[in-house]
Amino acid sequence: MNEKLLILGDQAVALGALHAGISGVYAYPGTPSTEITEYIQQSPLARERGVYSDWCTNEKTAMEAALGASFIGKRALVCMKHVGMNVAADAFVNAAMTGTHGGLVVLAADDPSMHSSQNEQDSRFYGKFAMVPIFEPSSQQEAYDMVREAFDLSEAVKLPVLMRLTTRMAHSRAVVTPAPSREPNGISFSEDRSRWVLLPVNARRRYSEVIALQDELRKRSAASTHNRYQPGNRQGVIACGIAYNYLMENYPNGCDRTVLKVSQYPLPVEPLRQMMADCDEILVLEDGQPFVEDQLRGLLDDTGKIRGRMSGQLPRTGELTPDNVRAALGLPGIALNEPSEYVVPRPPALCAGCGHRDVYTMLNEVAKEYENSKIFSDIGCYTLGALPPFRAIDSCVDMGASITMAKGAADGGLFPAIAVIGDSTFTHSGITGLLDAVNSKANITVVISDNLTTAMTGGQDSAGTGKLEAICWGVGVEREHVRVVVPMAKNYDEIRRVLREEIEYPGVSVIIPRRECIQTLKRNLKKQRS
Amino acid sequence: MKRDIILSGVGGQGILSIAAIIGEAALRKGLYVKQAEVHGMSQRGGDVQSNLRLSSEPIHSDLIPRGGTDAIIAMEPMEALRYLPYLSPEGWMVTNSTPFINIPNYPDTEQLLKTLKERPRVILVDADALAKDHGMPRAVNMVLLGAASAILGLDASLLEEAVAGLFASKGTEVVEMNVQAFRLGREAATQQVKGAGHAE
Ligand SMILES: Cc1ncc(C[n+]2csc(CCOP(=O)(O)OP(=O)(O)O)c2C)c(N)n1
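Rules and cut-offs
- Position numbers for residues count from 1 along each chain, tracking the sequence in the order it is written.
- Chain letters and ligand numbers both follow the written order, the letters beginning at A and the numbers at 1.
- In view of the model being predicted, local features appear only for residues whose pLDDT reaches at least 70, and side-chain atom pairs are presented and counted only at 80 or more, with totals across whole chains, interfaces and linings using the full set of residues.
- Hydrogens and waters are ignored; side-chain quantities use all the structure's heavy atoms.
- The contact criterion used throughout is that any non-hydrogen atoms of two residues lie within 4.5 Å.
- Accessible-area loss on putting two parts together, using a 1.4 Å probe and summing over both, is the definition of buried area adopted here.
- A carboxyl oxygen of Asp or Glu within 4 Å of a side-chain nitrogen of Lys or Arg is what we treat as a salt bridge.
- Here a polar contact is recorded for every N or O atom pair within 3.5 Å, except that within protein the pair must consist of a potential hydrogen donor and a potential acceptor, and residues adjacent in sequence are included only if both atoms are side-chain atoms.
- Three classes are used, and their members are as follows: Ala, Val, Leu, Ile, Met, Phe, Trp, Tyr, Cys and Pro are nonpolar, Asp, Glu, Lys and Arg are charged, and the others, Gly among them, are polar.
- Note on pairing: DSSP must find at least two bridges between two strands before they are called paired.
- Secondary structure elements are taken from DSSP: a helix is a run of H or I of four residues or more, a strand is a run of E of two residues or more, and numbering for both begins at the N terminus.
- Annotation comment: domain bounds sourced from an automatic or database domain assignment.
- Axes, fitted as lines to C-alpha atoms, cover a helix only where it is in contact. Angles between the N-to-C directions of the axes lie from 0 to 180 degrees.
- Relative accessibility decides the category of a residue: with a 1.4 Å probe and only protein chains considered, values under 20% of the type maximum give buried, values over 50% give exposed, and everything between is partly exposed.
- Note on aromatic contacts: the rings of Phe and Tyr and the six-membered ring of Trp form a pair at centre separations within 6.5 Å, being stacked when their planes are under 30 degrees apart, edge-to-face when over 60 apart, and tilted otherwise.
- In our convention, an over-ring charge means Lys NZ or Arg CZ found within 6 Å of a ring centre and within 35 degrees of that ring's normal.

## Topic: the interface of chain A and chain B
Taken together, the contact pairs 42 residues of chain A with 47 residues of chain B. Of the roughly 3900 Å² buried at the junction of chain A and chain B (both faces included), carbon and sulfur atoms supply 57%. When the buried surface of chain A facing chain B is broken down by residue, Asn337, Tyr342 and Arg346 of chain A rank first, second and third, together holding 23% of it. Across the contact surface, chain A and chain B share 4 salt bridges. Counting every contact that joins chain A to chain B gives 18 residue pairs in polar contact (both at pLDDT 80 or more). Along the lines of polarity and charge, the residues of the side of chain A that touches chain B split into 23 nonpolar, 11 polar and 8 charged. Across 3 bridges, strand β7 (residues 172-176) of chain A lies against strand β2 (residues 32-36) of chain B in antiparallel orientation. Bridging from a neighbouring strand, Ser172 of chain A pairs with Ala36 of chain B of β2 of chain B.

## Focus: the domain arrangement of chain A
All names here are of chain A. According to the domain assignment, chain A contains domain 1 (5-223), domain 2 (228-328) and domain 3 (355-522). Put simply, the middle of domain 1 and the middle of domain 3, counted by C-alpha atoms, are 34 Å apart. Facing 12 residues of domain 1, the contacting portion of domain 3 comprises 14 residues. Contact with domain 3 buries surface across domain 1, with Tyr28, Thr57 and Gln118 losing the most and accounting together for 48% of the total.

## Some remarks on the sheet that holds strand β18 (residues 509-513) of chain A
Residues and elements named next belong to chain A. Ordered by their spatial adjacency, 5 strands build an open sheet running β14-β15-β16-β18-β17, and the pairing between neighbours is parallel. The strands lining the two open edges of the sheet, one partner per strand, are β14 (374-376) and β17 (482-485). Taken over all neighbouring pairs, the strand axes of this sheet differ in orientation by 20° on average, direction set aside. With 6 bridges joining them, strand β15 (residues 417-422) and strand β16 (residues 444-449) adopt parallel strand pairing. Note that in β16 the partner of Ile421 across the bridge is Ile448. Its contacts with the sheet put helix α18 (residues 492-504) on β15, β16, β17 and β18, and the angle it makes with β17 is roughly 165°.

## Describing the pattern of salt bridges
One pass over the structure, following the stated rule, counts 45 salt bridges over all chains. We note a salt bridge from Lys261 of chain A to Glu142 of chain A, for which the minimum N-O separation is 2.9 Å. A residue pair is termed long-range when its members are at least 10 positions apart, and Lys261 of chain A in strand β10 (residues 257-262) and Glu142 of chain A in helix α7 (residues 140-157) qualify at 119 residues. Classification of Lys261 of chain A as buried rests on a relative accessible area of 3%. The partner of Arg82 of chain B in a salt bridge is Glu79 of chain B, with the nearest N and O atoms 2.7 Å apart. Like Glu79 of chain B, Arg82 of chain B is buried. Several salt bridges converge on common partners, so that one network encompasses Asp110, Asp122, Arg124, Glu136, Arg164 and Glu286 of chain A.

## Describing the environment of Ser194 of chain A
All names here are of chain A. Of note, Ser194 is situated in the loop between β7 and α9 (200-223). A relative accessible area of 26% means that Ser194 is categorised as partly exposed. The spatial distance from the C-alpha of Ser194 to the C-alpha of Leu331 is 57 Å, given a sequence separation of 137 residues. Those residues within four positions of Ser194 in sequence are excluded, and the remaining contacts are Asn202 and Arg205.

## Let's talk about the sheet that holds strand β4 (residues 104-110) of chain A
Residue and element names in this part refer to chain A. Within the open sheet, the 6 strands sit side by side as β2-β3-β4-β6-β5-β11. Their pairing is mixed. With one partner strand each, in any of the chains shown, β2 (22-27) and β11 (264-265) form the two edges of the open sheet. Examined bridge by bridge, β2 and strand β3 (residues 75-81) share 5 bridges and lie parallel to one another. For Ala27, the partnering residue across the bridge sits in β3 and is Cys79.

## Regarding the side chain of His356 of chain A
Note that His356 of chain A resides in helix α14 (residues 355-367). In this structure His356 of chain A touches Leu350, Cys381, Tyr382, Ser449 and Asn451 of chain A, once residues within four positions along its chain are discounted.

## Some words on the environment of Ile444 of chain A
Residue and element names in this part refer to chain A. Residue placement: Ile444 occurs in strand β16. With relative accessibility at 0%, the residue Ile444 sits in the buried group. On a C-alpha basis, the gap between Ile444 and Glu501 in space is 12 Å, while along the polypeptide they are 57 residues apart. Ignoring sequence-local partners within four residues, the contact set of Ile444 consists of Ile403, Ala406, Lys407, Ala410, Ala417, Ala437, Gly507, Val508 and Ser509.

## Regarding the packing of aromatic side chains
Where two aromatic rings form a pair, the distance of their centres and the angle of their planes describe that pair. Residue and element names in this part refer to chain A. Summed over the entire model, instances satisfying the criterion amount to 7 aromatic pairs over all chains. Residues Tyr26 and Tyr52 carry aromatic rings whose centres are separated by 4.9 Å and whose planes lie at 15° to one another, so their mutual orientation is stacked. With a gap of 26 residues between them, Tyr26 in strand β2 and Tyr52 in the loop between α3 (44-49) and α4 (59-71) connect regions that are remote in the sequence. Given a relative accessible area of 33%, Tyr52 falls into the partly exposed group. With centroids separated by 5.7 Å and ring planes inclined at 75°, the aromatic side chains of Tyr265 and Phe291 adopt a geometry described as edge-to-face. Here Tyr265, found in strand β11, pairs with Phe291, found in helix α12 (residues 291-297); they are 26 residues apart in sequence, far enough to count as distant. Each member of the pair, Tyr265 together with Phe291, is buried. In this structure, Lys261 is placed above the aromatic ring of Tyr244, and the distance from its NZ or CZ to the ring centre is 6.0 Å. Positioned above the aromatic ring of Trp473, the side-chain terminus of Arg479 is 3.8 Å from the ring centre.

What follows is the structure, given as structure tokens:
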């Protein structure tokens, strides 16, 4: 099997995991991680082996299911975008406490520059926090190879391994040469039963064990072929993950600086000491937040040698590029064409014919009838309701926050407090908030704009499809205040009336405008035709 | 040999198919390839681009440095100009002349096309019209790819094979239509390249 494949970094991770013998991939969609799970869903090898690959309801359920697979000795991959780590964090940090049995690799895809995200958080901090090894590939081939190693490492040290990609690695294609595939593990159990039961007495023992493991992890990082020390002149560069490529891009004839390439953490200490002795100045290149730079510099910055995002050599925010790395290296600039005066921004927008459009048209109209109405929204295509022509929403924070923020505002006296949430976001993190609202009889109106799919990330299955009314009833919303409408212009009179009635009802009401996403509709029609 | 290419357009216009075909042809020629794509938010009718790098030497960065792009291939004229600061002084621009207007403040089309025409090394083809006139309105991106083939430095036969490969699963009729679209674009561009006194 030495064929050459031109594949995305995401797909390289997926293939590496399959060839490492995973029994399941557990994930909730999120740019730029979605294509990993989608690749496995379409893989003939995965089908042949019965690899589990259905979407999970959220990142926490994904992490826990994968830990269950690890418990019985199987290998499992968990994938998410960086903010998914916040949702999965409880399970992730405590999976390091229990430790693993079958290999467990957690892939977090970070999005510096926020191409499709609400923040720039750097998942390496989670890895350090949980005290687990972190892999950060610099090429698609390395991504493929590293996933396989990550599973071996996870089984060797009995810890989850965090693998971190950034957008440019996840969504860039290069040639990958795969290696022979390994068979999945059979069922087995760890001999140490107590470490899986994190009662304080067991957890205290495990915490000491995990701390004691850190030396071993550092030794492995120092010995890793993915971390490389290249001696050169007295100007040092530490290049993490894909930053290494931007460095080399700027030295087409070879780099004369002393370079430490870092792709495995915790940071190896020896080469860092070496560089500190060999160099007068050390530039840290890392995509995302200044994770390495901050550790080296410390609060007191005793060496005065460390440069990077914190010292201003590189921009404090945004992704690295060959250009800002070039400037940080002090290399001469390149003459550029002037930008054209005929170019204006072209922001994304809700598709023509999208049901969310009708929802916002109606909401804007009815909300205007009240002096203080506020619309708390959430994350998904419908967030685009913030942009013209709608400018309909007052908030978008994190998955599920629409319902809970509306509740908090209603508790404090706001009327009307309206929440707008998508169907997938509702099942991801909205149900618990709805229960809070029901229990306290909050005066809120929740609009679950149901397009029967997870549209923003490309139309994945949505966990609540066909169950939304039953979920709302089950949580305790009164039957007569769960209303379904079809968001189309011909129904505007009815929608207006339903909105008014439910806003006026002093309690929790749920309105479900339901119409299939026009992108998935088009795709399904096309499939039917062929 | 090195070709750094920016493909640009509006979400849904098919730049990733163009990228896939050029990438496939380059692989068949034994070149190294890297291709950074945009997925996600911006695909909803926003501007999209892809950085495609081909080289006989190993390629480091997934992103093309500013000022280093050899060719901008654009499905739409304003999206061609968006990446001007990335174009090298000797670089080419190959663009569809039909604008995609989905914003209220789209610039004056005449002015836009005039600036493009005034630039050196610009190939301007009305890919929409060519495709429509020949009864293949869905192959606009293949017309543009054909036009770009005039300056890419890859054999047309290699590219045509890759076009055929991409559409093979859809039957011979679809393959033939797309290859024909490719040839239409190539012919239109070759005349312009000759007219401009440039040869490749
Ligand atoms: C914690 C977290 N996980 C994943 C995402 C990525 N994400 C943003 S919107 C979205 C899908 C929303 O689907 P839905 O609520 O059904 O709305 P639609 O896009 O279909 O309108 C996803 C998966 C995120 N932003 N945060």
